[in-house]
Amino acid sequence: MNKTYRWVRRAVWGTLAVVCTVGCNPLTTIAFLTHKDVKIPAEFPLTYKEGPKKDKEEIVVALFVSQGTGQSYEFAGADTALANEIVKKLPEMIKETKQKQKLTVLTTAQVNKFKMKNPNWRLMHATERGKQLGADFVLDIHLDKMNLYQPGSQNSFYEGRADVTVDMYDVEDSAGEGAGEPKNSYSQGFAFPKTGFRDATTKPVSAFRREFLENLAVEICHRHVEYKPSSGIAEGR
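Residues numbered from 1 in each chain as written. Predicted model: local features only at pLDDT ≥ 70, side-chain atom pairs only at ≥ 80, totals over all residues. Heavy atoms only, no water.

**Let's talk about the pairing of strand β4 (residues 157-170)**
Thinking step 1. As judged from the 10 bridges shared by strand β3 (residues 137-149) and β4, these two strands associate in the antiparallel manner. By the bridge assignment for β4, L143 is matched with V164.
Thinking step 2. As paired strands, β4 and strand β5 (residues 184-192) are joined by nine bridges and run antiparallel to one another. In the sheet register, D167 faces β5, and the bridge partner there is S185. (Pairing = 2+ DSSP bridges. Helix = DSSP H or I, 4+ residues; strand = E, 2+ residues; numbered from the N terminus.)

**Things to note about unusual backbone geometry**
Thinking step 1. Between F192 and P193 the backbone carries a cis peptide bond, its omega angle lying at 0°.
Thinking step 2. Following the sequence through the fold, P193 ends up in the loop between β5 and β6 (198-199).
Thinking step 3. With a phi close to 50°, K145 is a non-glycine residue in the positive phi region.
Thinking step 4. Mapping K145 onto the fold places it in strand β3.
Thinking step 5. Judged by relative accessible area, which is 60%, K145 ranks as exposed.
Thinking step 6. Positive phi values are uncommon outside glycine, yet Q154 reaches one of about 55°.
Thinking step 7. Checked against the element boundaries, Q154 lands in the loop between β3 and β4.
Thinking step 8. According to the relative accessible area criterion, Q154 is exposed, its value standing at 76%. (Buried < 20%, exposed > 50% of the residue type's maximum accessible area, 1.4 Å probe, protein only.)

**Description of the side chain of R129**
Thinking step 1. Looking at the element boundaries, R129 is found in helix α5 (residues 126-133).
Thinking step 2. At a separation of 3.4 Å, a polar atom in the side chain of R129 contacts the main-chain carbonyl oxygen of M124.
Thinking step 3. Among residues more than four places away in sequence, those in contact with R129 are F64, F114, W121, M124 and D140. (Polar contact = N/O pair within 3.5 Å; in protein donor to acceptor, adjacent residues only side chain to side chain. Contact = heavy atoms within 4.5 Å.)

**Observations concerning α5**
Thinking step 1. Within the sequence span of α5, burial applies to A126, T127, R129, G130 and L133. Take α5 and look down its axis: the buried residues cluster within an arc of 160°, on one side only.
Thinking step 2. Downstream of α5 by a residue or two, G134 has a phi angle that is positive, lying close to 75°. (Arc of directions from axis to C-beta.)

**Thoughts on the packing of aromatic side chains**
Thinking step 1. Summed over the entire model, instances satisfying the criterion amount to 10 aromatic pairs.
Thinking step 2. With a centroid separation of 4.3 Å and 5° between ring planes, the pair formed by Y158 and F208 is classed as stacked. On the criterion of sequence distance, the pair formed by Y158 in strand β4 and F208 in helix α6 (residues 205-224) is long-range, its members being 50 residues apart. F208 matches Y158 in its accessibility class, with the two residues each being buried.
Thinking step 3. Relative to F212, the ring of F190 has its centre 5.3 Å away and its plane inclined at 70°; by these criteria the two rings are edge-to-face. Note that F190 is positioned in strand β5 and F212 in helix α6, a separation of 22 residues in sequence.
Thinking step 4. Among the aromatic residues, ring-to-ring pairing joins Y149, Y158, F192 and F208 into one connected group.
Thinking step 5. One cation-aromatic arrangement involves R129 over F64; the distance from NZ or CZ to the ring centre is 4.5 Å.
Thinking step 6. Sitting over the face of the ring of Y186, R223 holds its NZ or CZ atom 4.3 Å from the ring centroid. (Phe/Tyr/Trp six-rings, centres within 6.5 Å; stacked < 30°, edge-to-face > 60°. Lys NZ or Arg CZ within 6 Å of the ring centre and 35° of its normal.)

**Things to note about the packing of helix α3 (residues 78-97) against α6**
Thinking step 1. It is at 9 Å that the axes of α3 and α6 come closest, and there the two elements cross at 50°. One finds that α3 runs oblique with respect to α6. As α3 packs across α6, the resulting crossing turns out to be right-handed. Here A78, A81, L82, E85, I86, K89, L90 and M93 of α3 lie close against α6, whose contacting residues are R209, L213, E214, L216, A217, V218, I220, C221 and H222. (Axes fitted to C-alpha atoms, helices over the stretch in contact; angles between N-to-C directions. Parallel < 35°, antiparallel > 145°, perpendicular 65-115°, else oblique. Left-handed = near helix turned anticlockwise from the far one by under 90°.)

**Quick look at the nonpolar core**
Thinking step 1. Membership of the largest hydrophobic core comes to 43 residues, with the highest contact counts inside it found for L82, I86, I141 and V164.
Thinking step 2. For this core, the elements supplying multiple residues, two or more each, are β1 (58-67), α3, β2 (102-105), β3, β4, β5 and α6.
Thinking step 3. Ignoring any residue separated from it by four or fewer positions in sequence, one finds L82 in contact with V65, I141, L143, L213, L216, A217 and I220.
Thinking step 4. Listed in part, the 14 residues of the second largest apolar core include F64, F114, W121 and V171. (Core = buried A, V, L, I, M, F, W, Y, C linked by side-chain atoms within 4.5 Å.)

Here it is in structure tokens:
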């Protein structure tokens, strides 16, 4: 009897410990405990639920990523690096969840080619840029107040921070009431790692910067495509 009690007690505490490491998302916890393949719905999906494009086989997305002035030198080229991560991760998530519509994100090279052909592209409305690129949606992403180190730590501890603003435009929505306005907009503060800070001697700043941008890309992607909570467990930030 005592042996059985001890075994049950250890099993309960072991399960609780694992759940705590999973995080606070209740859907993630339920999926872990029940082993069910629950999908987390996108808050701002890159899909058409109605209208002439609802049965379209492929959705094309164009990304325009920018960053505020005065960022630290560690973030030089961060806009391009983040764009490349999103270009890679969005289609991967769609494939993982086996959604019917294929999602294609124009590469950074394709967008840069457009910029070179249109030197005044910043003066163009997002929907016009999208039309010329043959896109269905445009994501305008702006990064600001980025930092890799804990304030006051004299660069001894990593604690990545960024303010992110995203405007999502439906290229087809260029006429009628609300024309020119984003279909969806949101701002969020991003922190990495979520579990706190890290000793800066554990890895080179270039490696931490890469992880920071990779996780930021995942967080943005999760706003726009449904995903499996198991991927959130794997991230383990």
